[in-house]
Amino acid sequence: PLCISRTVVPPHAYVKTSIEKETKDPRAFISGVACLLLKETIITLGYTIYLVLIFGTLLPSYELWMYSFRESSSIWSAVPTLASSLVLHTFAFMILLAVSERLMLPNSNELSKHSASVYALYQTVAWNFQTYSIQRFVSGSPLCNLIVMVLG
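Below: a short report on this structure. (Residues numbered from 1 in each chain as written. Predicted model: local features only at pLDDT ≥ 70, side-chain atom pairs only at ≥ 80, totals over all residues. Heavy atoms only, no water.)

## Focus on the layout of surface pockets
Roughly 240 Å³ of internal volume is contained in the largest pocket. Every residue lining the largest pocket is counted, 15 residues in all, and those nearest its centre are Ile 49, Leu 53, Ser 100, Met 104 and Leu 121. When residues of the lining of the largest pocket are traced back to their parent elements, those giving at least two are helix 1 (33-56), helix 3 (75-104) and helix 4 (116-132). Broken down by element, the residue count for the lining of the largest pocket peaks at six residues, all from helix 1. Of the pockets and cavities examined, the second largest pocket occupies roughly 160 Å³. Taken together, Leu 97, Glu 101, Tyr 122, Ala 126, Phe 129, Gln 130, Gln 135, Ile 147, Val 148, Leu 151 and Gly 152 form the lining of the second largest pocket. Among the secondary structure elements, those contributing two or more residues to the lining of the second largest pocket are helix 3, helix 4 and helix 5 (142-151). Taken together, the residues of the lining of the second largest pocket break down into seven nonpolar, three polar and one charged. (1 Å grid on protein atoms, 1.4 Å probe; cavity = no way out; pocket = protein on both sides within 12 Å on 5 of 7 lines; lining within 4 Å. Points joined across faces, edges and corners; volume = space filled by probe spheres on them. Helix = DSSP H or I, 4+ residues; strand = E, 2+ residues; numbered from the N terminus. Nonpolar A, V, L, I, M, F, W, Y, C, P; charged D, E, K, R; others polar.)

Okay, here's the thing in structure tokens:
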């Protein structure tokens with residue numbers, strides 16, 4: 001009979017003989033319900049906090065919009081107010097991204113090892129910043145240089 005123990009076999013690999021290692025392969029998954037529950041709890045808590053914070057980045061833009069249209073509702077005031085609101089939202093989101101980078105990935109360099117759950121959460125924040133802010137439209141401008149300088 002064929003026996004495979006303490007190793008990782010790639011998908012679609014053709015194994016002819018038994019593979020038994022004395023030590024566990026470091027690429028092998030950590031099994032256990034407690035470990036899985038801990039990882040899922042961390043990621044669920046992180047995404048819940050992030051969901052609240054992403055709506056918090058909309059508050060300054062909303063307040064600016066509501067303050068501008070308290071007395072008048074002219075198109076001449078709506079266009080600059082909308083542009084200002086988008087810039088304000090980008091700066092609020094940029095602050096959220098910078099703070100989350102400093103908290104989730106402290107002392108980052110090429111050799112740093114971070115939790116996969118925390119890194120996935122940070123990647124989500126970074127992707128949302130690129131998608132839901134005006135950062136993609138200001139690429140190559142002095143405003144983009146300011147964003148890059150703040151984010152490090």
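## Overview of the pattern of salt bridges
Counted according to the given criterion, the structure contains one salt bridge. The salt bridge involving Glu 101 is made with Arg 102; its shortest N-O contact spans 3.8 Å. Residue classification places Arg 102 among the partly exposed residues on the basis of a relative accessible area of 46%. (Salt bridge = Lys/Arg side-chain N within 4 Å of Asp/Glu carboxyl O. Buried < 20%, exposed > 50% of the residue type's maximum accessible area, 1.4 Å probe, protein only.)

## Observations concerning the packing of helix 1 against helix 4
Contact geometry for helix 1 and helix 4: axes closest at 9 Å, N-to-C directions at 25 degrees. With respect to their mutual orientation, helix 1 and helix 4 come out roughly parallel. Between helix 1 and helix 4 lies a crossing whose hand is right-handed. Seen from helix 1, the contacting residues are Lys 39, Ile 42, Ile 43, Gly 46, Tyr 47, Tyr 50 and Ile 54; seen from helix 4, they are Ser 117, Ala 120, Leu 121, Thr 124, Val 125 and Asn 128. (Axes fitted to C-alpha atoms, helices over the stretch in contact; angles between N-to-C directions. Parallel < 35°, antiparallel > 145°, perpendicular 65-115°, else oblique. Left-handed = near helix turned anticlockwise from the far one by under 90°. Contact = heavy atoms within 4.5 Å.)

## Quick word on the nonpolar core
Grouped together as the largest cluster of nonpolar side chains are 19 residues, with contacts concentrated most on Tyr 50, Leu 97, Phe 129 and Leu 151. Here this core gets six residues from one element, more than from any other, and that element is helix 3. Sequence-distant contacts of Leu 97, defined by excluding residues within four places in its chain, comprise Tyr 122, Val 125, Ala 126, Phe 129 and Leu 151. (Core = buried A, V, L, I, M, F, W, Y, C linked by side-chain atoms within 4.5 Å.)

Read these as spatial facts, not as claims about activity.
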